[in-house]
Amino acid sequence: RKGDMMAAKRRKKPHKPSAPTSWDMGPDTPAARAGKVVRDANYTDPETGKEVNPNGVKRLERVDLVETYHRRGWISKRGLVAAEALRKAYEATMRSPPAINPIQVDSSPKPDENIAVQIDRTSRYVALMGLVDRDHRKVVAAVVLEDRTPAHAGFKGRRYQEGIRVLHEALELLADRMS
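Quick notes on the rules
- Residues numbered from 1 in each chain as written.
- Predicted model: local features only at pLDDT ≥ 70, side-chain atom pairs only at ≥ 80, totals over all residues.
- Heavy atoms only, no water.
- Buried < 20%, exposed > 50% of the residue type's maximum accessible area, 1.4 Å probe, protein only.
- Helix = DSSP H or I, 4+ residues; strand = E, 2+ residues; numbered from the N terminus.
- Core = buried A, V, L, I, M, F, W, Y, C linked by side-chain atoms within 4.5 Å.
- Contact = heavy atoms within 4.5 Å.
- Phe/Tyr/Trp six-rings, centres within 6.5 Å; stacked < 30°, edge-to-face > 60°.

Draft legend 1. Representation of helix α6 (residues 137–145). For α6, a buried count of seven out of nine residues is recorded, marking the element as mostly surrounded by other parts of the structure. Listed as buried for α6 are Val-139, Val-140, Ala-141, Ala-142, Val-143, Val-144 and Leu-145. Of the residues flanking the end of α6, it is Asp-147, one or two places downstream, whose phi is positive at about 55°.

Draft legend 2. Spatial organisation of the nonpolar core. Within the largest apolar cluster, 29 residues are counted, with the highest numbers of intra-cluster contacts made by Leu-86, Val-139, Val-140, Val-144 and Leu-167. Mapped onto this core, the elements with two or more residues apiece are α3 (65–71), α4 (77–92), α5 (111–130), α6 and α7 (160–178). Excluding residues within four positions of it along the chain, Leu-86 makes contact with Tyr-125, Leu-128, Met-129, Val-140, Val-144, Leu-145 and Leu-174.

Draft legend 3. Here's a closer look at the packing of aromatic side chains. Following the criterion strictly, the structure yields two aromatic pairs and no others. Taking 5.5 Å as the distance between ring centres and 55° as the angle between the ring planes, the aromatic pair formed by Tyr-90 and Tyr-125 counts as tilted. Linking Tyr-90 in helix α4 with Tyr-125 in helix α5, this pair joins segments that are 35 residues apart in sequence. Given a relative accessible area of 25%, Tyr-90 falls into the partly exposed group.

Don't take any of this as a statement about function, it's just geometry.
Structure follows, in structure tokens:
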């Protein structure tokens, strides 16, 4: 009997991990939260047509630096649109042709078509970046294309606000030249 009691004392209950919640947003460290914002996970109620969130569910969304600067009033709406057009053109240069086409025709492949598409994408990006003054390209590339602060373009410390001003000026000029 004594042996049975010792065995009972040694037995532990198996660990049952709790189920992850639908509002689990990952680690709460500064590095993990950088460039993200918590928003309500609203949806449109089909009966009333209003946005509702009855359970108070939150969602963690990534927000890039250009949007953040726009929300702070450092970049105008025109500048934001110009920055998004430039970023879209830049990101298009990194895309490859689709692996699977929606309509697959058995024929010999024509790599020239894929190359032509890539050249068109690169030409669009080069044309838009050509509208940016040479003096502004470093800060525009850092903030708009690489999602980094003006400090990465050399505007560190007390010069940070100067970097914001240069970015604002560059995006306004780009917006003017695009229209």
